[in-house]
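One letter stands for each residue in the lines below.
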Amino acid sequence: MRIAFAAPTVKTSGTLVVTVGDEKRLSASAAAVDEATGGAVGRAIAGSRFTGKKGQLLEILAPAGLDSARVLLLGLGKPAELTELDLEKAGGQLVGQLNGVGETAASIAVDALEGTAIPATEMAARIALGARLRSYRFDKYKTKEAADKKLSLANLTFHLKEAKKAQKQFEAIAAVVAGVFLSRDVVSEPANILYPESFVERAAVLEKLGVKITVLGEKEMKKLGMGALLGVGQGSRRESQLLVMEWHGSGKKPAEKKGKGKAKAAAGEAPLCFVGKGVCFDTGGISIKPAGGMEDMKWDMGGAGTVLGLMHALASRKAKVDVVGICGLVENMPDGNAQRPGDVVTSANGQTIEVINTDAEGRLVLCDALWYAQETYRPRMIVDLATLTGAILVSLGKEQAGLFSNDDALSEQLAAAGKAVGEPVWRLPLGEEYDRMIDSDIADMKNVGGRYGGSITAAQFLQRFINEGTPWAHLDIAGVTWSDKDKPTVPKGATAFGVRLLDRLVADQYEK
Ligand code: BES
Ligand code: MN
Ligand code: ZN
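Residues numbered from 1 in each chain as written. Chains lettered and ligands numbered in written order. Predicted model: local features only at pLDDT ≥ 70, side-chain atom pairs only at ≥ 80, totals over all residues. Heavy atoms only, no water.

1. Describing the packing of helix H13 (residues 408-421) against helix H16 (residues 499-510)
Note the following rule: Think of each axis as a best-fit line through the C-alpha atoms, taken over the contacting stretch in the case of a helix, with angles from 0 to 180 degrees between the N-to-C directions. Labels follow the DSSP assignment, with helices taken as runs of H or I lasting at least four residues and strands as runs of E lasting at least two, numbered in each case from the N terminus. Should an angle fall under 35 degrees it is called roughly parallel, over 145 degrees roughly antiparallel, and 65 to 115 degrees roughly perpendicular, with every other angle called oblique. For a crossing to be left-handed, the near helix must be turned anticlockwise from the far one by less than a right angle; the clockwise case is right-handed. Note on contacts: a residue pair is in contact if any heavy atoms of the two residues lie within 4.5 Å. Polar here means any residue other than Ala, Val, Leu, Ile, Met, Phe, Trp, Tyr, Cys and Pro, which are nonpolar, and Asp, Glu, Lys and Arg, which are charged; Gly is therefore polar.
Remark: H13 packs on H16, axes separated minimally by 8 Å, with the N-to-C direction vectors making an angle of 120°. By the angle class used here, H13 and H16 are oblique. The two elements H13 and H16 meet at a crossing, and its hand is right-handed. Here Leu410, Gln413, Leu414, Ala417, Gly418, Ala420 and Val421 of H13 lie close against H16, whose contacting residues are Arg500, Leu501, Leu502, Arg504, Leu505, Gln509 and Tyr510. Class assignment for the residues of the contact of H13 with H16 results in nine nonpolar, three polar and two charged.

2. Overview of the pattern of salt bridges
The condition is simple: Whenever a carboxyl oxygen of Asp or Glu lies within 4 Å of a side-chain nitrogen of Lys or Arg, that contact is scored as a salt bridge. Burial classes: relative accessible area under 20% of the type maximum marks a residue as buried, over 50% as exposed, and values in between as partly exposed (1.4 Å probe, protein chains only).
Tallying each qualifying case throughout the model produces 29 salt bridges. The partner of arginine 126 in a salt bridge is glutamate 88, with the nearest N and O atoms 2.8 Å apart. Separated by 38 residues along the polypeptide, arginine 126 in helix H4 (residues 120-134) and glutamate 88 in helix H3 (residues 84-101) bring together distant segments of the chain. Judged on exposure class, the residue arginine 126 and its partner glutamate 88 are both buried. Ionic pairing is found between glutamate 122 and arginine 126, a salt bridge with its closest N-O pair at 3.1 Å. Taken together, the residues glutamate 122 and arginine 126, both in helix H4 and four residues apart, mark about one turn of the helix. Accessibility assignment for this pair places glutamate 122 and arginine 126 in one class, buried.

3. Examining the coordination of the zinc ion (ligand 3)
Convention followed: Donor atoms: N, O and S within 2.8 Å of the metal, or within 3.2 Å for Na, K and Ca. Because water is excluded, sites can look incomplete. Every angle between 85 and 135 degrees makes a four-donor site tetrahedral, while opposite donors more than 155 degrees apart, with all other angles between 65 and 115, make a four-donor site square planar and a six-donor site octahedral; other sites are irregular.
The protein atoms that coordinate the zinc ion (ligand 3) are Lys277 (NZ), Asp282 (OD), Asp300 (OD) and Glu361 (OE), at distances spanning 2.0 to 2.4 Å. What the six donor atoms of the zinc ion (ligand 3) show is an angle range of 78 to 174° at the metal, which sorts the shape as octahedral. For lysine 277, a relative accessible area of 2% gives the class buried.

4. Quick look at the coordination of the manganese ion (ligand 2)
Surrounding the manganese ion (ligand 2) are the protein donor atoms Asp282 (OD), Asp359 (O), Asp359 (OD) and Glu361 (OE), which sit 2.0 to 2.2 Å from the metal. Taken together, the six donor atoms coordinating the manganese ion (ligand 2) span angles of 71 to 166° at the metal, a pattern that classifies the geometry as irregular. Taken as an interatomic distance, the gap from the manganese ion (ligand 2) to the zinc ion (ligand 3) is 3.1 Å; aspartate 282 donates to each of them. On the basis of relative accessibility, which here comes to 21%, the residue aspartate 359 falls in the partly exposed class.

5. Regarding the nonpolar core
To be explicit about the condition: Only buried residues count toward a nonpolar core. Its members are Ala, Val, Leu, Ile, Met, Phe, Trp, Tyr and Cys residues joined through side-chain atoms within 4.5 Å.
Phe199, Leu243, Met245, Phe274 and Leu502 are the most contacted members of the largest nonpolar core, which has 52 residues in total. Per-element accounting of this core gives the leading share, seven residues, to helix H10 (residues 302-316). The residues touching leucine 243, leaving out its near neighbours within four places in the chain, are Phe199, Val200, Ala203, Ile213, Thr214, Val215, Gly325, Ile326, Cys327 and Leu329.

6. Description of the environment of leucine 61
Structurally, the position occupied by leucine 61 is in strand E4 (residues 57-61). Once the C-alpha coordinates of leucine 61 and isoleucine 456 are considered, the two residues, 395 residues apart in sequence, prove to be 53 Å apart. What leucine 61 contacts, discounting residues up to four positions off in sequence, is Ala69 and Arg70.

7. What about the packing of H3 against H4?
The N-to-C vectors of H3 and H4 enclose an angle of 50°; their axes lie 6 Å apart at closest approach. It follows that H3 is oblique to H4 by the angle criterion. Between H3 and H4 lies a crossing whose hand is right-handed. Residues Glu84, Leu87, Glu88, Gly91, Gly92, Gln93, Val95 and Gly96 of H3 lie in contact with H4, whose contacting residues are Glu122, Met123, Arg126, Ile127, Leu129, Gly130, Ala131 and Arg134. Here the contact of H3 with H4 is composed, by residue class, of six nonpolar, five polar and five charged.

8. Describing the packing of aromatic side chains
Put simply, the rule reads: Think of it this way: a Phe, Tyr or Trp ring, Trp meaning its six-membered ring, pairs with another when their centres are within 6.5 Å, and the plane angle makes it stacked under 30 degrees, edge-to-face over 60, tilted otherwise. Note on geometry: a ring has a charge over it if NZ (lysine) or CZ (arginine) is within 6 Å of the ring centre and within 35 degrees of the ring normal.
Following the criterion strictly, the structure yields seven aromatic pairs and no others. The interplanar angle of 65° and the centroid separation of 5.9 Å between the aromatic rings of phenylalanine 138 and tyrosine 141 together place this pair among those described as edge-to-face. Grouping aromatic residues by their ring pairs yields a cluster made of Phe5, Phe158 and Phe170. Across from the ring centre of tyrosine 195, 3.6 Å away, lies the NZ or CZ of arginine 238, which sits over that ring.

9. As for the domain arrangement of the protein
Operational definition: Domain start and stop positions are those given by an automatic or database domain assignment. Summed over both partners, the accessible surface that disappears when two parts come together, traced with a 1.4 Å probe, is what is meant by buried area. In protein, a polar contact requires one atom able to donate a hydrogen and another able to accept it; more generally it is a pair of N or O atoms within 3.5 Å, and residues adjacent in sequence count only if both atoms are side-chain atoms.
Domain annotation of the protein identifies domain 1 (2-172) and domain 2 (175-423 + 474-509). A C-alpha centroid distance of 37 Å is found between domain 1 and domain 2. The junction of domain 1 with domain 2 conceals about 1600 Å² of combined surface from both sides, 61% of it contributed by carbon and sulfur atoms. Contact with domain 2 buries surface across domain 1, with Leu133, Arg134 and Tyr136 losing the most and accounting together for 42% of the total. At the junction of domain 1 and domain 2, the tally comes to three salt bridges. Inspection of the region where domain 1 meets domain 2 yields seven residue pairs in polar contact (both at pLDDT 80 or more).

Structure follows, in structure tokens:
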């Protein structure tokens, strides 16, 4: 879909979109269309439930007096309450609607709206961002799809006075889109195509943006003693990988490398670290999952997908900060060589783990990746993302991600960033009593905590690998990584939840 910005007009073929505020308040362009069509807009509104509330759309087909195939009224609600996010959603909804009816070209007249602080150029840019985010579709494996099933909308043009300025603003905020799409791409891929080594290959596109990439294979990880991560991958024919992506945007001189991890180029200031669970397929291992729905476990690398997309977004917009993204990539398979329930593994920081359930593998992958992040970079803070527990779906459903943290300020910043971009997170507790639930009879800890509080005990497990004084947050994204239905700016499928949230967190808190 091509997005363009041009001078004001109401003379177009295709669909003409005009905005309406709450209580049927027509924008200047909506009033002009009403006039040109002999009052068709007013009559259509009178004959419907459309009042201009946000989220409402009203279609007027082939109105007399205009060349347009249809006029679409887009409700924006109360101007005083209008947010950037509302505008993004309106843009997404618009694209959903136009593709639904098979339209190929649309023009939207964006007028300044009385009562809002958001200028028309920013309104256009936000609507355009939402439109772009909704235009994603993963259809590379559809070889004989009928034309009328494909996305139809090819051109979307924004008409307003300061078109150039709107375009500049759009380009600035749309830098994140390629990262979101990259993330959706890798998460959508099936596990026969996307496995640890092919995930790493996908990351090569970041090198052109100036991201430094280091990959550790099983040999290197074995040297570092990463027995927890390697234990998960040992039943797979695919080699486990640790992918390290460094973005050096602070402009400060690179510092000394630290620790036995010794990544080749350490950042100049203590970097921000983002760590993702990359289980490219999770069968459960010997504690095998039931067959029904197991195909969903191709997206058990959603955390790693988010970290990959985030690094793309930060590098694309040349974020003025040093950031390291780390993905622990494995495949969890049952096999003659797979780890068994009851096995004891030793993590890189020397702690021993009794593997009670081989399906609680994400924490085993993350603990060694978290160790590597701290050992190598002594980061300013760490956020990890993981499709970690089914229990988080029981707690929060598919609307919000679970947030666990040892730092109140970081938690609040994450919650605020999530709210701003429409990727909300909800904090759950950590505590000593929960921590005791993962004590083991024969090792330092076990990898499951019992029937209750499953997302919390998983987070407690991770916290045992966080050094004293390092601000850390864990996002359990098992409920939000995949959507079963179309949402305004997120088509059904891989959501890339977290890319925009963390891009926003970095921009708001660490680039000042
Ligand atoms: N990848 C799953 C969690 C998951 C479930 C993600 C549903 C997305 C949707 C994870 O590895 C897992 O299997 N967790 C177990 C932990 C249990 C064995 C303690 C679970 O949640 O059942
Ligand atoms: Mn599992
Ligand atoms: Zn898993």
